[in-house]
Amino acid sequence: MSSNDRPPYVESTIIMTTVRFVAPFVLTLGLFIMFHGAESAGGGFQGGVVVGTVILMLAFAFGIEAVRAWLNPTAILGLIAGGVLVFLAIGFGSVALDGAFLEYHAYEQLGIHHASGYGIELVELGIGAIVTGVIIGLFFVISAGFDPAEGEEEDLL
């Protein structure tokens, strides 16, 4: 089915109003899960998935194409790249300070108190950014669908 054959998007006042109300709370919950991953259940992966679902909720409520036009693909790639950079910076920073990869105690020689706590939080945020970007990216790639004009899928059966 091509994009021209798809049924038109139908707005639902109930869904749109619900998403407007719920989205900030879901975003806050996702960030909470990311920040408390070092001390309780949760972490960067779980929090990143919850934060990514905020964009999915917006797409379901207001239309996939409208949200796709609103989001800049460069921003999504930047989110993923930023998460990778944070993770690698924390990991290799400890190596540069004569510690092992992701050995947070190596940062204490710089006078950073509670370096383990801060290091874990930054790594969790980096992982959360990566997961959020991947979830959003995969959603938009899958929602684009398969265009038969571009080629045939291989029949694996």
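Since this is a predicted model, take the numbers as computed values, not measurements.

The rules behind each value
- Residues numbered from 1 in each chain as written.
- Predicted model: local features only at pLDDT ≥ 70, side-chain atom pairs only at ≥ 80, totals over all residues.
- Heavy atoms only, no water.
- Helix = DSSP H or I, 4+ residues; strand = E, 2+ residues; numbered from the N terminus.
- Buried < 20%, exposed > 50% of the residue type's maximum accessible area, 1.4 Å probe, protein only.
- Contact = heavy atoms within 4.5 Å.
- Areas by Shrake-Rupley, 256 points an atom, 1.4 Å probe, with all protein chains shown as cover.
- Expected span 1.5 Å × (residues − 1).

## Observations concerning the overall build of the chain
Argument step 1. In terms of helices and strands, the chain carries five helices and zero strands.
Argument step 2. Along the chain, helices and strands appear, N-terminal first, in the series α-α-α-α-α.
Argument step 3. Looking at the chain as a whole, 32% of its 157 residues are labelled buried.
Argument step 4. In the chain, of all internal contacts separated by at least 6 residues, the share reaching a separation of at least 24 is 60%.
Argument step 5. Summed over its atoms, the accessible surface of the chain is roughly 10200 Å², and 70% of this surface lies on carbon and sulfur atoms.

## Digging into helix 2 (residues 44-62)
Argument step 1. In this model helix 2 runs 27 Å from its N-terminal to its C-terminal C-alpha over 19 residues, within 8% of the 27 Å that 1.5 Å per residue would give.
Argument step 2. For helix 2, every residue scored as buried is listed here: Gly44, Gly47, Gly48, Val50, Val51, Gly52, Val54, Ile55, Leu56, Leu58, Ala59 and Ala61.
Argument step 3. Here the buried face of helix 2 lies against helix 1 (13-35), helix 3 (64-70) and helix 5 (115-144).
Argument step 4. Positive backbone phi, approximately 105°, marks Gly63, located one or two places after helix 2.

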